[in-house]
Every structure is written in structure tokens, then in C-alpha cells.
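Geometric and topological summary
Here are the chains, one letter per residue:
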Amino acid sequence: MIVHCAIYRDGRPVATPAGPAGSLAAARKAGRGGFVWIGLFEPTAEELDQVSDEFGLHPLAVEDAVGAHQRPKVEVYQDSLFVALKTLGYHPGGHAVTSGEVMLFVGEDFVMTVRHGADTPLGDLRAELEEQPEVLKYGPSAVLHSVCDAVVDGYVDVVVGLQADLDELEADVFAPGRVGRDIASRIYGYKRQLVTVRRATGPLVEPMMRLDRGGVPYVRAEAQPYLRDVSDHLARANDQVEGMDRLLSDILAANLAQVSVQQNNDMRKISAWAALAAVPTMIAGVYGMNFEHMPELHQAWGYPAAVSLMVVVCVLLHRVFKRHDWL
């Protein structure tokens, strides 16, 4: 659906059309510096078709905007620039990362934002920009920079939250007595969250570098330094995600090593107790055989001697195992 539609001149709103029809012509009539900003939320193909002809949107870009689930990218068409971004949201209570999408159509005198999903940081962006006419006077390029900046700032917030979770996870892995199946499942769940973040940050690095280098149609030269700053923040966030992914792999390897060591310790203890049980079993088995001629079989002290031998051997074995940390 259409969330908002407004016409701006010199960074200030001058009209709010009821719909996109005729808004581009009205923006051009507003004079130099006038442009129209249309915002849509999860539009249908019919809704986008209503404005695609008037704004000269390419059919392939319109198809991408309707279908969503696009890889972050920048594509230049004859009458517009198409930018696809993935947005991220972090929910500390559930320790989960969710994603959405924002697509932008940028032209000489129009900008159209298409949002998919709940985690899109554009709810208050338009109101903030309207309070900064000195920024909004640069037209669609200012909106493009502000949207990219808001999306990347969202990445930074997600990375900060995940770093705190990773520190907690690392402490739990190396805490005494915490080796278990729940740790491995938490590591796997955290790995899936990092995959979601990497799908957003990694593919966007090259498109953002393309925007800040200049030479892209419909992006004013004044916006390049600000886009370069956004690209720098994105690269930093992407590097942090890569570092957390490597650290998580090391934590997983350490956890598996701990599990293996714990299993070896358990096997040693089981073997030690089995050895302690085997000695009296062997002696009792020997004296339980039905032979008439056996040493001390008919002596009065034969039974106490056999039991004493079992006790002495078991005590000696227990001390040996204790000394070698098998028990």
C-alpha cells in the first residue's frame, strides 16, 4: 500500500497529493529543486503498475520490488536508479536477528521507497528529514543517502547486540561444568544468526563502493562524501561480522575438544572402576571352581585370607588410579 506521497521544493514540503498519479508532473511544476517522494509498504504488482509508466520504471526492477527476496545491489536503468537493501532487526529477549528489505527507485526529480518486512528503519526517517531542509534540498540523492545510512546504522546496532551475546556464549563455553549438548545447540543457533547478517552486509559492500566512487546516474556529487562515510561504516560492520564468525568457529572447535576430553575422562573412570571390580571377581572365580586339591581350600583361615587379598589389591589399585587422576 502507499504509505505517503509528498512533493518537496528546496527541502520543504509544498504539497501532499492524494496519490502518485500526476505527482511527478506536479513536482516538475514546482520548479528547480522540486521532487516527489513516494513510500510504499509491501505493494502489489497492480499498485506498482499504476506508477511504473508515469515514473518510467523498468519492468525488471518493478518485478524485483514486488517479489522482494533480492540480493543487495545497485542497477542503473535508462530513467532511474534501482537500489536493493536488506534491513536487519535485533531482538535481545529472543536473541534473534530478523530481516526485511528496502528498495529505492531514484530519478532526477523523484524517489520511491518500497519496504518489505517489519524491520525497516524508515518509519520516522521522512519526519526527521523534513526537519532538516538543508539536507533534503539535495533531493533524491539526500533521501538515498539517508536510507542507506539508516540501514547501515541498523547493521551496527545488530552487530553490537550479537557481540554481547557472543561474549556471554564464550564465557559459558569455558565455564567449569558447562560442557554439554545445550552449548553446541546455542553455537549452531548463533551461527545461523551470523549467516543472516552476512547475507545483508557482505553483498552490499561492492554496491556501496560503487555509489561512493561517483559516476552513477541520479546521484549528485555532493552526496558522495556522505555515501563514502556510509560505505566505511558498512565495511567496519562487515569486518566485525567476519571476525565473529571466525571466533565462533574457534569456540565450536574448543567446545568439541572439551567434549572429547570429557568423554576420555569418563572412559578412564569407567575403566578404573571396572578394574577394581575385576580383581575380586577373578579371585572369587578361582576359589569358586569345584576342584578338590586347591591351596588353602580346607584351611580355617582360607576364607579371611582370600577376602583380605581382595581388599588389599583393590586399595592398592585405587591409590594408583587416584595418583594418576583416573578417579
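Residues numbered from 1 in each chain as written. Predicted model: local features only at pLDDT ≥ 70, side-chain atom pairs only at ≥ 80, totals over all residues. Heavy atoms only, no water.

A look at the overall build of the chain
Counting its regular elements, the chain contains ten helices and seven strands. For the chain, buried positions account for 42% of its 327 residues. Long-range pairs, those at least 24 residues apart, make up 64% of the contacts in the chain between residues at least 6 apart in sequence. Per element, the accessible surface of the chain, about 17400 Å² overall, is 56% carbon and sulfur. (Helix = DSSP H or I, 4+ residues; strand = E, 2+ residues; numbered from the N terminus. Buried < 20%, exposed > 50% of the residue type's maximum accessible area, 1.4 Å probe, protein only. Contact = heavy atoms within 4.5 Å. Areas by Shrake-Rupley, 256 points an atom, 1.4 Å probe, with all protein chains shown as cover.)

Some remarks on the pattern of salt bridges
If you walk through the whole model with that rule in mind, you get nine salt bridges. A salt bridge links aspartate 10 to arginine 9; the shortest N-O distance between them is 3.5 Å. Overall, arginine 9 belongs to the partly exposed group, its relative accessible area being 35%. The salt bridge involving aspartate 245 is made with lysine 191; its shortest N-O contact spans 3.1 Å. (Salt bridge = Lys/Arg side-chain N within 4 Å of Asp/Glu carboxyl O.)

Describing the nonpolar core
By size, the foremost hydrophobic cluster in this structure holds 52 residues, and its most contacted members are Leu81, Leu104, Val147 and Leu162. Tallying contributions element by element places helix α6 (residues 140-173) first for this core, with 13 residues. Judged by nonpolar contacts, the second largest core, of 23 residues, contains Ala27, Leu48, Ala65 and Val114. (Core = buried A, V, L, I, M, F, W, Y, C linked by side-chain atoms within 4.5 Å.)

Regarding the sheet that holds strand β5 (residues 81-91)
Adjacent strands of a sheet form backbone hydrogen bonds with each other and so pair up, either parallel or antiparallel. Here seven strands make up an open sheet; going across it, the order is β2-β1-β3-β7-β6-β5-β4 and the pairing mixed. Looking along the sheet, the strands with just one partner apiece sit at the ends: β2 (12-15) and β4 (73-76). In this sheet, neighbouring strand axes are inclined to one another by 25° on average, regardless of whether the strands run parallel or antiparallel. As paired elements, strand β3 (residues 34-41) and strand β7 (residues 110-116) share six bridges and run parallel to each other. Paired with valine 36 across the bridge in β7 is phenylalanine 110. Sheet strands in contact with helix α3 (residues 59-67) are β4, β5, β6 (96-106) and β7, and its direction is about 155° off that of β6. (Pairing = 2+ DSSP bridges. Axes fitted to C-alpha atoms, helices over the stretch in contact; angles between N-to-C directions.)

Re the confidence of the model for the chain
Overall, the predicted model of the chain reaches an average pLDDT of 83, with 89% of residues at or above 70. Of all secondary-structure elements in the chain, the lowest mean pLDDT belongs to helix α10 (residues 302-323), at 76, while β4 reaches the highest, 93. (pLDDT = per-residue confidence, 0-100.)

Considerations on α3
Listed in full, the buried residues belonging to α3 are Ala61, Val62, Asp64 and Ala65. End-on view of α3: buried residues confined to an arc of 160°, all on one side of the axis. Counted as exposed and oriented over 90 degrees from the buried face of α3: Pro59 and Glu63. Those residues of α3 that are buried are in contact with α2 (45-55), β4, β5, β6 and β7. The first or second residue beyond α3 is alanine 68, which carries a positive phi of 60°. (Arc of directions from axis to C-beta.)

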